[in-house]
Structure formats: structure tokens, C-alpha cells
Amino acid sequence: MIIVLKSGTSLGEIERITQELRSWNITPEKIVGKQKMVIGLVGDTAVLNTQQIQALSPFIEQVLRVNKPFKRVALEFRYGESSEVLVATPNEFIAFGQKHPIVQVAGPCSVENEEMIVQTAKLVKAAGAKFLRGGAYKPRTSPYAFQGHGESALGLLATAREATGLGIVTEVMDSADLEKVASVADIIQIGARNMQNFSLLKRVGAINKPVLLKRGLSATIEEWLMAAEYILAAGNPNVILCERGIRTFDRQYTRNTLDIAAVPVLRSLTHLPIMVDPSHGTGSSEYVPAMAMAAVAAGCDSLMIEVHPNPAKALSDGPQSLTPEQYEELIQKMGAISRTIGRWSKSYPRPPVQDDAIHLRELAPIV
Ligand code: PEP
Ligand code: MN
């Protein structure tokens, strides 16, 4: 349930309302939006009726029910306003969200050695990426496959961060490593295979770091949003959802089926920022550009793309990795699409307003 407050409601009145709700065993959450001030209610709200809440204060404009199993991640919980996830990187704050430029995240599947990670970081930064992704702990299907260099790879990510100023995205697989991973990562990745590792979700929910939650291999959108709900319920509102393809019947030509429709579907269901990973989504570098462009056109807020200086020699996911040159070319194409759909950025600035005016004058009939 949410309570929409009238504009000008005093802090004292909000405090009085929330105190009263707590005494009913309901957890109120104050949400200060750009349009409205809202109090989200979590708990056994089924026993409450809207008139009962309305009677609490003359400053209550509206009481609405969130008729979904997920509450805090629901779009209604913020009265239809999308949220942003602000991430501190060495040199700047980067915002993920619908009202911000598309954020590019790129790098190799695994951190292999210092030279390759620093070189890749420099190249993806030059192409326009704001974050370096690289795995230290790798969830591999085979126990005999390369498992990642673990803690020493975290150190190499820290070196690349220092050398470039890029933010770092890296995966945590085990709660036991969370502290170490969080000391290097600016965004902690929860991989597809751990999407429903509820104890891990609670642990990342209890720390103060943005979380990138990848969609489970066969997760429905509702299961995925419920997983995100765990993180928010544990106290961490900074969650980015990442569509990375799901298991369908055809594995002959693509590794997964990238669910592009998830982008507008999520947009209608949740306020959280949306990322797309066309690399794991297709499993083939040949198909990555088309799906990356489709994801931009569909309205995602961010992309995660695997880039390796020498894909043929990669220790994991080489076949789906772009070379830095291919990545650079793709960034240009994505930029053109994002500009077309009105997602401006520093590299693709909005044209000066007078240009629009001139254009309109040219079109206007002469009277
Ligand atoms: C990855 O990002 O390298 C990865 C293992 O992704 P996923 O969890 O989506 O398979
Ligand atoms: Mn990978």
C-alpha cells in the first residue's frame, strides 16, 4: 500500500502518521519523489482498509494498494516515478536510471593478468565506458574450467581502477567473500546462478553498495523482481536489474534467448534501472552488436558488454567477447540510436535549443 501526501505536508505530520502506522505493526517507508511525497507501507496490509488509513490525517491525498507480490520494487511504490542508482567512482558520480544517459559497462569475462585488465580498462574507457567489469570469482558450469583468480584478481581490478578512474563491477558468489569484493567493487554483481540465493541477497541487502542483479537462467520476471525485493527489504535500495538471456529450447545457434521484451515489461512494473547484457544473451560476438542496439532502442538504461583484447585466447567466454575495436564501433552506433530516442549524453549532447527553434521556424507556415 502507499499513502500519497498532499504537497506542503509538514515533517512533523509525516512523523506523526508514521508513528501511528508503526503502532499497527506496519513498516512505513518515506519516499521523497520529484513529483510527490509518498509513504510506502510494508507488512500485513491486507487487514487494513484504505478509509482507515485515510482517516489518519487530512494531509493524506490518496491511499492506494500495490496489488503485486513485490512491493518496494514496484513502480506504484514510488507513485510511478523511476528511481536512480547513483554510484561513486574515483572521479565522478554516475547515475543509472531512465532519466540519465545510458551507462556503458565493459570488460573481460575474467580478470586474467595485470597487463590485460589494465589495457582493456584503458581501451573501453577511451571508447566511452564508465565501468570496467571483470570476474575474480567465476561461476563455471564445469568444476574443471578456469574458476577465476579470486582475491589476487580483486587486487588487479583495484589497479585498473586506479590507472583509469573507471568504476568496478565484479561478481560475488559466496557471502564469505563479500567484504573483500565490496572493498574493490563500486557495484557488486550477483550472477544469474545466484539470483535466488536468498541468504546472499539478504547479505548484499545489508551493505551499503549498489547491486547489479542478473536474471536467473530460467527465472520469470516475477521471480526476478521478488529476488530484487529481498535486497530492498534488507535495506539496500540501490539495485540495477540486468537481463542476460534466459534458457529456451534453442541452444544450437544462441547460448541464451535475450529477452528484449523484458525491458518495456520491467519499465511498466518497476522503478529500478534496467541493464542489458547482450554478450551472455547471445553467446556469440557476431550477434552482440545487433542485440546491443536493440536493447538501446528498447529503452534500457545501461549495457554490459564483454570485451577482451584477444578473444581467441580468453580464459572464459572468448566466443562472445568483442575486441576493443569492435566495441568502439558499437559504442558509436549505440550513441546514434540513443540520440535518436532522446537519451543524450556528453558524447552525444542535445542540440542547442535555438537549433530546434530554427527548425520549427523553417517548418512553420509564413503568415
Ligand atoms: C558474467 O557476467 O560473466 C556471468 C557469469 O554472467 P551470468 O551470471 O549472467 O551468467
Ligand atoms: Mn562471462
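Residues numbered from 1 in each chain as written. Chains lettered and ligands numbered in written order. Predicted model: local features only at pLDDT ≥ 70, side-chain atom pairs only at ≥ 80, totals over all residues. Heavy atoms only, no water.

A. The arrangement of the coordination of the manganese ion (ligand 2) in detail. Here the manganese ion (ligand 2) is held by the protein donor atoms Cys109 (SG), His280 (NE2), Glu306 (OE) and Asp317 (OD), which lie 2.0 to 2.3 Å from it. Positions of the donor residues of the manganese ion (ligand 2), expressed as sequence spacing, correspond to C-x170-H-x25-E-x10-D. Taken together, the residues span a long stretch of sequence, with His280 in helix H9 (residues 278-282) and Glu306 in strand E14 (residues 302-306) at a distance of 26 residues. In this structure, His280 and Glu306 share a single accessibility class: buried. (Donors = N, O, S within 2.8 Å, 3.2 Å for Na, K, Ca; no water. Helix = DSSP H or I, 4+ residues; strand = E, 2+ residues; numbered from the N terminus. Buried < 20%, exposed > 50% of the residue type's maximum accessible area, 1.4 Å probe, protein only.)

B. Inspection of the domain arrangement of the chain at higher detail. Splitting the chain by domain gives domain 1 (2-65) and domain 2 (85-340). Look at where the C-alpha atoms of domain 1 and domain 2 centre, and you get two points 36 Å apart. (Domains from an automatic or database assignment.)

C. Inspection of the packing of aromatic side chains at higher detail. Per the stated rule, a full pass over the model turns up 2 aromatic pairs. Here the aromatic rings of Phe96 and Phe131 are separated by 5.5 Å at their centres, their planes lie at 40°, and the arrangement is tilted. Note that Phe96 is positioned in strand E6 (residues 93-96) and Phe131 in strand E8 (residues 131-133), a separation of 35 residues in sequence. As far as the burial class goes, Phe96 and Phe131 line up, both buried. An angle of 25° between the planes, with centres 4.5 Å apart, marks the rings of Phe198 and Tyr230 as stacked. Residue Phe198 is found in helix H6 (residues 198-205), and its partner Tyr230 is found in helix H7 (residues 221-233); the two are separated by 32 residues along the sequence. Given the relative accessible area of 32%, Phe198 is considered partly exposed. Look at Tyr230 and you get partly exposed, because its relative accessible area is 32%. (Phe/Tyr/Trp six-rings, centres within 6.5 Å; stacked < 30°, edge-to-face > 60°.)

D. Region of the structure containing the sheet that holds strand E7 (residues 103-107). Taken in spatial order, the 8 strands close into a barrel running E7-E8-E9-E10-E11-E12-E13-E14, and their pairing is parallel. Neighbour-to-neighbour, the strand axes of the sheet open up by a mean angle of 25°, direction not taken into account. Sheet topology places strand E9 (residues 167-171) next to strand E10 (residues 187-190); 3 bridges connect them, and they run parallel. Counted as the bridge partner of Glu171 is Gln189 from E10. H7 rests against strand E11 (211-214) and strand E12 (239-243) of the sheet, and its axis sits at about 160° to E12. (Pairing = 2+ DSSP bridges. Axes fitted to C-alpha atoms, helices over the stretch in contact; angles between N-to-C directions. Contact = heavy atoms within 4.5 Å.)

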